[in-house]
Amino acid sequence: MPMNEQISFSFVAVYFSGGLALFLFGIRLLSRGLQKASGERVRALISRIADRPLPGLLSGALATMVVQSSSTIIATLIGLVQSRLMTFSQSLAVILGAEIGTTAMAQLIAFRLHDYALVIFTAGFLLHTVPKREPLRVAGEAISGFGLLFFGLGLMSQAVAPLQHFAPFLALLSWLRNPLAGIMAGLLLTALMQSSGAFIGIVITLASQGSIELEAAIPLLLGANMGTCITAVLAGTGMLRPARRVALAQVLFNVAGIAIFVLFIPQFSSLVRLVTASGDLSRQVANAHSIYNVFMALLFLPALPLFERLLYRLYPDDPMEIRQQPSVWYLEESALSTPAVALSYARSEIVRMARIASRMVCAAMKPFAGEGGGRDEVFPNLSVVGGMRMREEKMDFLEKQVSVYLVKLSRSALTEAQSKEVFLLMEVVKQLESLGDVIEGLSRKLLRREEGPASALSAVGREELLRLHAFVCSESRRLADILQTLDGREAADLIGRDPEFRRLVRQAGASHLERVRSNPASERTHDLHMELVDVLEQVHHYCKAVCFALIAPSLRA
């Protein structure tokens, strides 16, 4: 190869890679600035107005235009569905809107503002650096990214220009005229760059230089849309099935789009040329991207109920996983007009809370008894610590739901006895939630402990703690039975066992201090031993607090 061709190749490689790096950094800077400016408003917008398909579609489009990243919006949807702030059904329309929102970047790129890129960047830099007000600084960051984006595109255009008569490059472009090859190239390169906007910018740059025709660009665009799904699939890993179905919905939506359009690329190209006023090929590519996404969104929007059923059939809910999700079993809004029935429902839900708390208590000592790697008794797919954390989420959820239900019930026409029971149940809910928080704090400590060197308890110390634990475990189980009947005599009997618990605590404390005095090695586990005793004492305290509420004089009147 002649020397000048070698030099030209080096020029192409450096300018194209440098331009691509600046383009990607510009997109990231623009996106980061826009996200800072919008704050949590985008997330709130999506979660609030996605109740109906059309508002959901519009919110998805607007949110994606604001943050300039459909991957960010889909990841946000996955998080909202995972945290039950949005249903899977509501997310479907937002996904369609997010696909429309990506077209804004392509349309901006097609304006080819390369000559003004440095002016835009300088203005953004000054706006970011000089003012003291945060909103202006954030706007400057976004504008700087916008300028870098076009400067990078300009460098890539210069890099591509010498290749117009380079045989290997022309052979590559000829190969990409095959629709399947173009789709695969678009998919892989978009997945590699983690940005469909970046890849579409490259396609528009090639089109502006006349390197590719519209018929070759369209498969690349289809592949780019598919490539963005990789981020959603990765974001859904480890999530619950409804959240993972969000990623599956985006994948199937784009698969359907490819299946429809790949058969009609010549006809679609003719339509794009017809609706594009100018003969500018880069604008035609941007318009093809817009028309495709808008058409697919409008095609799927009225069919979302059918699409949802298909997704449920392809990836149904796991019954075991459903049982792990926080939910109410007994509370019924319709029963609030009948206080006696509503009270019975509230009692049943509180008994369920107590049984959940009891399972947390009974699992608390397993990791310290040599069963740290064991599995949860009810859900074998979870570790012991994972089961404790899952139940703490349930406790938090039920505390809010039952408390709201009881407040609504308190506004009904209640008898004096019913009013007293409502306020009793409110107190019980508060104490049970506090009990759950104690165990949740222990589970956090366990996670930290697993990250560092584990301090093994001595065999004697472990046996003493297990005796205390067996006592409070039995106590918590009995508490759930007492709440079933609200029997004050049973509650008083449970309180009457307090001296026995105190005796066990004193014996364990005296024995532990003796070991520390006689065996310096025991000092290593002193803090852990005392922390565990404190946790068990707190559990005992909250069980007593519930029982004291049941035998309060005002309730016996």
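Residues numbered from 1 in each chain as written. Predicted model: local features only at pLDDT ≥ 70, side-chain atom pairs only at ≥ 80, totals over all residues. Heavy atoms only, no water.

Asks: Please explain the overall build of the chain as it appears in this structure.
Replies: A count of helical and extended segments in the chain gives 26 helices and 0 strands. Scored against the burial criterion, the 557 residues of the chain give a buried share of 49%. As presented, the chain carries roughly 26,100 Å² of accessible surface, and 62% of it is formed by carbon and sulfur atoms. (Helix = DSSP H or I, 4+ residues; strand = E, 2+ residues; numbered from the N terminus. Buried < 20%, exposed > 50% of the residue type's maximum accessible area, 1.4 Å probe, protein only. Areas by Shrake-Rupley, 256 points an atom, 1.4 Å probe, with all protein chains shown as cover.)

Asks: Can you walk me through the environment of Ala75 in this structure?
Replies: Position of Ala75 relative to the elements: it lies in helix α4 (residues 70-82). Among the residues examined, Ala75 registers a relative accessible area of 32% and is labelled partly exposed.

Asks: Would you mind going over unusual backbone geometry with me for this structure?
Replies: Negative phi characterises most residues that are not glycine, and trans characterises most peptide bonds. Despite not being glycine, Leu486 shows a phi value in the positive range, around 55 degrees. Here Leu486 shows up in the loop between α22 (459-485) and α23 (488-495). For Leu486, a relative accessible area of 21% corresponds to the partly exposed category.

Asks: Help me understand the nonpolar core, please; the structure alone is not making it clear to me.
Replies: Across soluble globular proteins, nonpolar side chains show a tendency to be buried alongside one another. In terms of nonpolar packing, the biggest core is built from 84 residues, with Leu149 and Ile212 touching the most fellow members. In contact with Leu149, other than residues within four places in its own chain, are Leu22, Phe23, Gly26, Ile27, Leu30, Met105 and Ile109. Met388, Val429, Ile482 and Phe501 belong to the second largest nonpolar core, which has 64 residues in total. (Core = buried A, V, L, I, M, F, W, Y, C linked by side-chain atoms within 4.5 Å. Contact = heavy atoms within 4.5 Å.)

Asks: What exactly am I supposed to notice about a nonpolar patch on the surface here?
Replies: On the surface, Phe11, Val14 and Tyr15 cluster together into a nonpolar patch covering about 250 Å² of accessible area. Among the secondary structure elements, Val14 is positioned in helix α1 (residues 3-38). According to the relative accessible area criterion, Val14 is exposed, its value standing at 55%. (Patch = residues over 30% accessible without salt bridge, like charges linked within 9 Å, V, L, I, M, F, W, Y side chains within 5 Å. Salt bridge = Lys/Arg side-chain N within 4 Å of Asp/Glu carboxyl O.)

Asks: Would you take a moment to explain the environment of Glu490 for this structure?
Replies: Note that Glu490 resides in helix α23. Ignoring any residue separated from it by four or fewer positions in sequence, one finds Glu490 in contact with Arg478 and Ile482. For Glu490, the side chain forms a polar contact with the side chain of Arg478, separated by 3.0 Å. (Polar contact = N/O pair within 3.5 Å; in protein donor to acceptor, adjacent residues only side chain to side chain.)

Asks: How should I be thinking about the packing of helix α5 (residues 88-101) against helix α16 (residues 281-300) in this particular structure?
Replies: Think of two packed helices as two axes; the pair is described by the angle between the axes and how far apart they sit. Axis separation between α5 and α16 bottoms out at 8 Å; the angle between their running directions is 165 degrees. As summarised for this structure, α5 and α16 are arranged roughly antiparallel, according to the angle between their axes. Once α5 is placed against α16, the crossing between them reads as left-handed. Of the residues in α16, those touching α5 at Leu96, Glu99 and Ile100 are Asn293, Val294, Ala297 and Phe300. Classifying every residue of the contact of α5 with α16 by side-chain character gives 5 nonpolar, 1 polar and 1 charged. (Axes fitted to C-alpha atoms, helices over the stretch in contact; angles between N-to-C directions. Parallel < 35°, antiparallel > 145°, perpendicular 65-115°, else oblique. Left-handed = near helix turned anticlockwise from the far one by under 90°. Nonpolar A, V, L, I, M, F, W, Y, C, P; charged D, E, K, R; others polar.)

Asks: In this structure, what is going on with the state of the cysteines? I would like to understand it.
Replies: Working definition: the covalent bond between the sulfur atoms of two cysteines is a disulfide. Scanning all chains against the criterion turns up 1 disulfide. Covalently, Cys362 is tied to Cys473 through a disulfide, its sulfur atoms 1.9 Å apart. One quick way to see it: the torsion about the S-S bond of Cys362 and Cys473 is about 95 degrees, and its sign makes the bridge right-handed. Remark: Cys473 occurs in helix α22 and Cys362 occurs in helix α19 (residues 339-363); sequence separation between them is 111 residues. Note on accessibility: Cys362 and Cys473 belong to one class, buried. Free of any disulfide, Cys547 has its nearest cysteine sulfur in Cys543, 7.1 Å distant. (Disulfide = S-S within 2.5 Å.)

Asks: So what exactly am I meant to see when it comes to the packing of aromatic side chains here?
Replies: The geometry of an aromatic ring pair is captured by two quantities: the separation of the ring centres and the angle between the planes. One pass over the structure, following the stated rule, counts 9 aromatic pairs. Taking 4.9 Å as the distance between ring centres and 75 degrees as the angle between the ring planes, the aromatic pair formed by Phe261 and Phe268 counts as edge-to-face. With respect to burial, Phe261 and Phe268 carry one shared label: buried. With a centroid separation of 5.7 Å and an interplanar angle of 80 degrees, the aromatic rings of Phe261 and Phe295 are classed as edge-to-face. Taken together, the residues Phe261 in helix α14 (residues 241-261) and Phe295 in helix α16 connect sequence positions 34 residues apart. In this structure Phe295 comes out as partly exposed when scored by relative accessible area, which is 42%. Among the aromatic residues, those joined into a cluster by ring pairs are Phe261, Phe268, Tyr292 and Phe295. Its end group placed over the ring of Tyr315, Arg241 keeps NZ or CZ at 4.4 Å from the ring centre. A cation over a ring is seen here: Arg352 above Trp329, with NZ or CZ 4.1 Å from the ring centre. (Phe/Tyr/Trp six-rings, centres within 6.5 Å; stacked < 30°, edge-to-face > 60°. Lys NZ or Arg CZ within 6 Å of the ring centre and 35° of its normal.)

Asks: Would you take a moment to explain α22 for this structure?
Replies: Three or four residues apart is the spacing at which side chains of an α-helix point the same way, because the helix has 3.6 residues per turn. Over its 27 residues, α22 runs 40 Å from end to end, which matches the ideal 39 Å to within 8%, given 1.5 Å per residue. Just downstream of α22, Leu486 is the residue with a positive phi angle, here 55 degrees. (Expected span 1.5 Å × (residues − 1).)

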